[in-house]
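Read off the chains here:
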Amino acid sequence: MQFANSGEPAVVRCSLRSFFLRCVPCGLALSGCGSYGPPAGSTRQAQAIHGLWGVLLWTGIAVGIIVYALILWSVLRYRNRSDATPPPQFTGNPPLEITWTVIPLLIVGVLFFLTYRVERYVQDVSPHPAVTVNVTAFRWSWRFLYQGSGKAIAGTPDQPPQLVLPVGQTVRVIVTSQDVVHSFYVPEFLFKRDAIPGVKNAFDLDIAKPGVYRGECAEFCGLSHARMLFTVKAVPAAAFASWMQSR
Amino acid sequence: MNGTVAEAVRPPRKAQSADFVAWLVTTDHKRIGVLYMCTSFAFFLIAGILALAIRAQLAAPGLSVVGPHAFNELFTLHGTAMIFLFVAPFGLGLANYLVPLQVGAADMAFPRVNALSYWLFVAGGLTVFSGAATNGGAADAGWFAYAPLSDIRNGSGAGMDLWIVGLLMVSAASIMTGINLLATSLLYRAPGMTMWRLPVFTWEMIVTSILILMAFPPLATALAMVFVDRRLGGHFFDAAHGGNPILYQHLFWFFGHPEVYIMILPFFGVVSETIPVFSRKPVFGYVGLVLSALAIGGLSVGVWAHHMFATGAVTNSFFSAVSFLIAVPTGVKFFNWIGTMWRGQLTFPTPMLFSIGFLLNFLIGGITGVIMASPPVDFHIEDTYFIVAHLHYVLMGGSVFAIFAAIYFWFPKVFGFRLGETLGKWSFWMMLPGFNLTFFPMHVLGLWGMPRRVVTYPALAGWAHLNLLATAGSVLLALGVLLTVVNVWLSSRRPTPAGDDPWGGYSLEWVTTSPPPEHNYEWIPAIRSERPAYDMRQTAAKAP
């Protein structure tokens, strides 16, 4: 392999300057609008996920802008201007190539570290949840059974069930399926967990904001997959306790 | 140039004839390559029409253009055809045509096996689609056919069995082609064509072939096990009888993720051929490109369970780490392509336009891929339209744009005449915005929580607008594709002779005639670098 000729570094500096001047402001303008992103998150776990999403998104946008700028610069600057002399026939530049291997390695290393921390937090299950709900998915609706109380709610595709949960307390959800693979998904919680026959999948939710949240099946499960909906109603702990006492 | 043993057992060559029967019984790698590419392109057009039907159904909330069952058949066949019958086989067809030419061989190592591969692929594809003629309709469990949804006890009929049998045939065809390409590129190289002088496309096909050999046997196993569960009373994936549905997902994705690279590496190879030629420079960092392909191949068999983060059944951290890591060699390739353009003299005929379109689209798919390597973020976006957007940026904006670059680049070599530049450029300038209008809004829909594979969706704020935008974009994209089909037809009515080397190509295939003779080369120039055709022109120019 031959080395690049010595003019290389100057040209790199030049394009970096143009990228900071021209492309960064455009990128900021395009992605500044929050409503085109995921929901802010209504559980403590979701808020951690949302923070991680922000880091990944902005890292991605920064890398994207740099690479786009380099591509567009090459296309505009080096388009053929009926130059009779052929361009320099350099075939590589090992120091430069090592650099652009090591820098991405460092970037993904940091991203993995941040991911690992958030994942530990999201996947953590409390030894003493305040409420435990057994969720059974079936074609094509859901059954919610509150452990230790006998309270049960079941839905149909036409009458989606409502899962009532307390705000500010740790809720353990254990999902399974009685037929095919489904997935318990609440977009406002930025979370889903597959409901798999023969498997009991447990996770914790710490709901931070009261409200009614849309829930859906996220794993394709056949004919009425699109109608396999539910809602989560998050109420203050006192209201939840009295709801549990009712009927 | 060829092995003498292979020469001895091969039947004597007959004169090339355009006879229909001659095409049916051909063992010539070039004809098989052309058949492979044309057949897979026909599947592309069919699968594209299915996609337009999907977009019509989703143009507004609450539509019933098709019913839920037909919708499930539509996206199952769309995904199956695009993945198994178009993108991967087109790459194999292109390799069939190019690899023997690029290494300076007269044919593939096993010409008859090659013909068998092609006909098995055709039969497999037709078998998959024949399900549509059965009473229960075509397969409707998605291209991934998760057990136990794909079990007969959960409703799918004979169409599902035909899908399984069809894909078993396609798997066998792919495995045989993988062996054939590997043997050809390792053992049938012309004198002087060392491994470090192979064109980057051939290198990418070597890695692709190795991945085929690793990935397709587990797929065939998974398919056979589903068949046993369905028809022979098995319980591999039936939890009620001690089976395990997660096992299917492991087997399927152990195939499924290397398959993603089987569908992209050949097209990394394509742009590694086109960009240097249209930059009038050698490829930048040849060794880096080859090593990054090998690194991608190695890492790609360790990322499969990132499709399973939401199952709660896998060690997310390991698969997350490897999935982050695989972005690095892909990034290296990007910088090498930019380095190739750097300080070159770029011209922009249609193949170069599609190659740059590939760079612009694939970059977005690559970045969203890194975001999805993070399990907590994946808990939100898994199985939403964000994934649909990502995979189409990789496969449609990436692979398919590179396929169009390959069509415009090598068409003159294959048929001896050029495709029209005007229609080609129109095709590109419709496909690029059409593609981005179709798939960019899907990122946002996914982040809002729109799940995949739903026949309809609620009229929540903004959902209708973005879906309508995607449908409008898909029409523009389809018209762009149609222009290239029209271009092929019009250009063949008034063929403009291309000459042997219309682009100033670098690799060996540009030395021979267009189209090449049946045995490929009357003579072969001295091979002293990875650019033998370029070296030959330089020598000729210096000669007194």
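As the structure is a computational prediction, the values presented were derived from the model and not from experiment.

Engineer: Describe in detail the overall build of chain B, supporting the description with residues and values.
Structural biologist: Along chain B, the regular secondary structure elements total 18 helices and zero strands. Relative to a compact globule of 544 residues, whose C-alpha radius of gyration would be 24 Å, chain B shows 23 Å and is just as compact. For chain B, the C-alpha atoms occupy an extent of roughly 80 × 50 × 50 Å along the three principal directions. Taking all 544 residues of chain B together, the buried fraction comes to 65%. If you average the places of the 27 positive and of the 24 negative side-chain charges in chain B, the two averages end up 10 Å apart.

Engineer: Tell me what's going on with the overall build of chain A, and back it up with residues and numbers.
Structural biologist: In terms of regular secondary structure, chain A is built from four helices and 10 strands. Along chain A, helices and strands appear, N-terminal first, in the series α-α-α-β-β-β-β-β-β-β-β-β-β-α. Out of the 247 residues in chain A, the part that is buried amounts to 47%. Across chain A, contacts joining residues at least 24 apart in sequence account for 69% of those joining residues at least 6 apart. Of the roughly 11800 Å² of accessible surface on chain A, a fraction of 63% belongs to carbon and sulfur atoms.

Engineer: Give a description of the packing of aromatic side chains that names residues and reports values.
Structural biologist: The final tally for this structure, using the stated rule, is 78 aromatic pairs over all chains. Consider the rings of Phe191(A) and Phe379(B), whose centres lie 5.1 Å apart with planes at 70°: the pair is edge-to-face. Of this pair, Phe191(A) sits in strand β7 (residues 191–195) while Phe379(B) sits in helix α14 (residues 375–381), on two different chains. Each member of the pair, Phe191(A) together with Phe379(B), is buried. Over the ring of Phe379(B) we find Arg193(A), and its NZ or CZ is 5.6 Å from the ring centre.

Engineer: Outline unusual backbone geometry, listing residues and values.
Structural biologist: With an omega of 5°, the peptide bond running from Arg139(A) to Trp140(A) counts as cis. Structurally, the position occupied by Trp140(A) is in the loop between β1 (131–138) and β2 (141–146). Its identity is not glycine, yet Asp383(B) carries a phi of approximately 60°, on the positive side. Relative to the assigned elements, Asp383(B) resides in the loop between α14 and α15 (385–415). Unlike most non-glycine residues, Asn520(B) shows phi in positive territory, near 80°. Its place among the elements puts Asn520(B) in the loop between α17 (463–493) and α18 (532–542).

Engineer: Break down the nonpolar core for me, with residues and values.
Structural biologist: When a protein is soluble and globular, its nonpolar side chains tend to lie buried together. Ranked by size, the top nonpolar core spans 248 residues in total, and within it Phe184(A) and Phe358(B) carry the most contacts. Among the elements that line this core, the one with the most residues is α15(B), at 22 residues. Those residues in contact with Phe184(A) that sit more than four places away from it in its chain are Val135(A), Trp142(A), Phe144(A), Leu163(A), Val175(A), Phe191(A), Lys192(A), Arg193(A), Phe203(A), Glu216(A) and Phe230(A).

Engineer: Account for the interface of chain A and chain B, naming residues and giving values.
Structural biologist: With 80 residues of chain A in contact, the opposing surface of chain B contributes 87 residues. Of the roughly 6900 Å² buried where chain A meets chain B, counting both sides, 70% is carbon and sulfur surface. Counting the contacts that link chain A with chain B gives zero salt bridges. Our count for the contact surface shared by chain A and chain B stands at 20 residue pairs in polar contact (both at pLDDT 80 or more).

Engineer: Could you give me a rundown of the packing of helix α4 (residues 68–103) of chain B against helix α5 (residues 111–130) of chain B, with the residues and numbers involved?
Structural biologist: All names here are of chain B. Where α4 contacts α5, the two axes come as close as 11 Å, and the packing angle between them is 165°. Overall, the two elements α4 and α5 adopt an arrangement that is roughly antiparallel. Regarding α4 and α5, the two cross each other, and that crossing is left-handed. When α4 is examined against α5, the residues Leu77, Thr80, Ala81, Phe84, Leu85, Pro89 and Asn96 are found in contact with a partner set consisting of Asn114, Phe121, Gly125, Val128 and Phe129.

Engineer: Residue-level account of the sheet that holds β1(A), with values.
Structural biologist: Hydrogen bonds along the backbone pair up the strands of a sheet, which may run parallel or antiparallel. Residue and element names in this part refer to chain A. Spatial ordering of the open sheet is given by β3-β2-β1-β5-β8, a layout of five strands whose pairing is mixed. Edge strands, defined here as strands with exactly one partner in the open sheet, are β3 (152–154) and β8 (201–206). Within this sheet the neighbouring strands show an average axis-to-axis angle of 20°, counted without direction. As paired elements, strand β5 (residues 170–177) and β8 share six bridges and run antiparallel to each other. Bridge assignment links Thr170 to a residue of β8, and that residue is Asp206.

Engineer: Lay out the packing of α5(B) against helix α6 (residues 158–187) of chain B with the relevant residues and their values.
Structural biologist: Residues and elements named next belong to chain B. It is at 7 Å that the axes of α5 and α6 come closest, and there the two elements cross at 160°. By the criterion of interaxial angle, the relationship of α5 to α6 is roughly antiparallel. Here the hand of the crossing between α5 and α6 comes out left-handed. On α6, the residues touching Val113, Asn114, Leu116, Ser117, Leu120, Phe121, Ala123, Gly124, Gly125, Thr127, Val128 and Ser130 of α5 are Leu162, Trp163, Val165, Gly166, Leu167, Met169, Val170, Ala172, Ala173, Met176, Thr177 and Asn180. Split into classes, the residues belonging to the contact of α5 with α6 amount to 15 nonpolar, nine polar and no charged.

Engineer: I'd like a rundown of the confidence of the model for chain A, residues and numbers included.
Structural biologist: Residues at a pLDDT of 70 or more form 86% of chain A, whose mean pLDDT is 87. Low confidence marks residues 1–34 of chain A, where pLDDT is under 50. Its contacts with residues over four positions away, or in another chain, come to 44 contacts.

Engineer: So, the pairing of strand β10 (residues 229–235) of chain A: which residues are in play, and what are the values?
Structural biologist: Residue and element names in this part refer to chain A. The sheet contact formed by strand β4 (residues 162–166) and β10 spans five bridges and is parallel. Bridge pairing links Val164 to Lys233 in β10. As paired elements, strand β9 (residues 211–217) and β10 share six bridges and run antiparallel to each other. Each residue of the ladder has a partner; that of Arg214, found in β10, is Thr231.

Conventions and cut-offs
- Numbering of residues starts from 1 in every chain and runs along the sequence as written.
- Chain A is the first chain written and ligand 1 is the first ligand written, with later ones labelled in order.
- Local features in a predicted model are, by the rule used here, given only for residues with pLDDT of at least 70; side-chain atom pairs are given and counted only at 80 or more, and totals for whole chains, interfaces and linings are based on all residues.
- By convention in this description, side-chain values take in all heavy atoms of the structure and omit both hydrogens and water.
- Numbered from the N terminus, helices here are DSSP runs of H or I no shorter than four residues, and strands are runs of E no shorter than two.
- In this treatment the radius of gyration is a C-alpha quantity, and the globule benchmark scales as 2.2 Å times the residue count to the 0.38 power.
- Using a 1.4 Å probe on the protein chains alone, a residue whose accessible area is under 20% of its type maximum counts as buried, one over 50% counts as exposed, and one in between counts as partly exposed.
- His is not counted, nor are the chain ends; Lys and Arg add positive charge and Asp and Glu add negative charge.
- In plain terms, the charge of a residue is placed at NZ if it is Lys, CZ if Arg, CG if Asp and CD if Glu.
- Contacts are assigned to residue pairs with any non-hydrogen atoms lying within 4.5 Å of each other.
- Only the protein chains shown count as cover for residues, and the accessible areas themselves come from Shrake-Rupley with a 1.4 Å probe.
- Pairing of aromatic side chains requires ring centres within 6.5 Å, counting the rings of Phe and Tyr and the six-membered ring of Trp. Pairs whose planes differ by under 30 degrees are stacked, by over 60 edge-to-face, and all others tilted.
- Two conditions define a charge sitting above a ring: the NZ of Lys or the CZ of Arg must be within 6 Å of the ring centre, and it must be within 35 degrees of the ring normal.
- Working definition of a nonpolar core: buried Ala, Val, Leu, Ile, Met, Phe, Trp, Tyr and Cys residues. They are joined through side-chain atoms within 4.5 Å.
- Joining two parts hides part of their accessible area as seen by a 1.4 Å probe, and the buried area is that hidden amount summed over both.
- Whenever Lys or Arg places a side-chain nitrogen within 4 Å of a carboxyl oxygen from Asp or Glu, that contact is recorded as a salt bridge.
- Polar contacts here mean pairs of N or O atoms no more than 3.5 Å apart (in protein, one a potential hydrogen donor and the other a potential acceptor; neighbouring residues in sequence count only if both atoms are side-chain atoms).
- Angles here are taken between N-to-C directions and fall from 0 to 180 degrees, while the axes themselves are lines fitted to C-alpha atoms, restricted in helices to the stretch in contact.
- Here roughly perpendicular refers to angles of 65 to 115 degrees, roughly parallel to angles under 35, roughly antiparallel to angles over 145, and oblique to all remaining angles.
- Crossing handedness: left-handed means the near helix sits turned counterclockwise from the far one by under a right angle, and right-handed means the same turn made clockwise.
- For two strands to be treated as a pair, DSSP must find at least two bridges joining them.
- Any residue that is not Ala, Val, Leu, Ile, Met, Phe, Trp, Tyr, Cys, Pro, Asp, Glu, Lys or Arg is counted as polar, Gly included; the first ten are nonpolar and the last four charged.
- Confidence of the predictor at the level of single residues is given by pLDDT, which spans 0 to 100.

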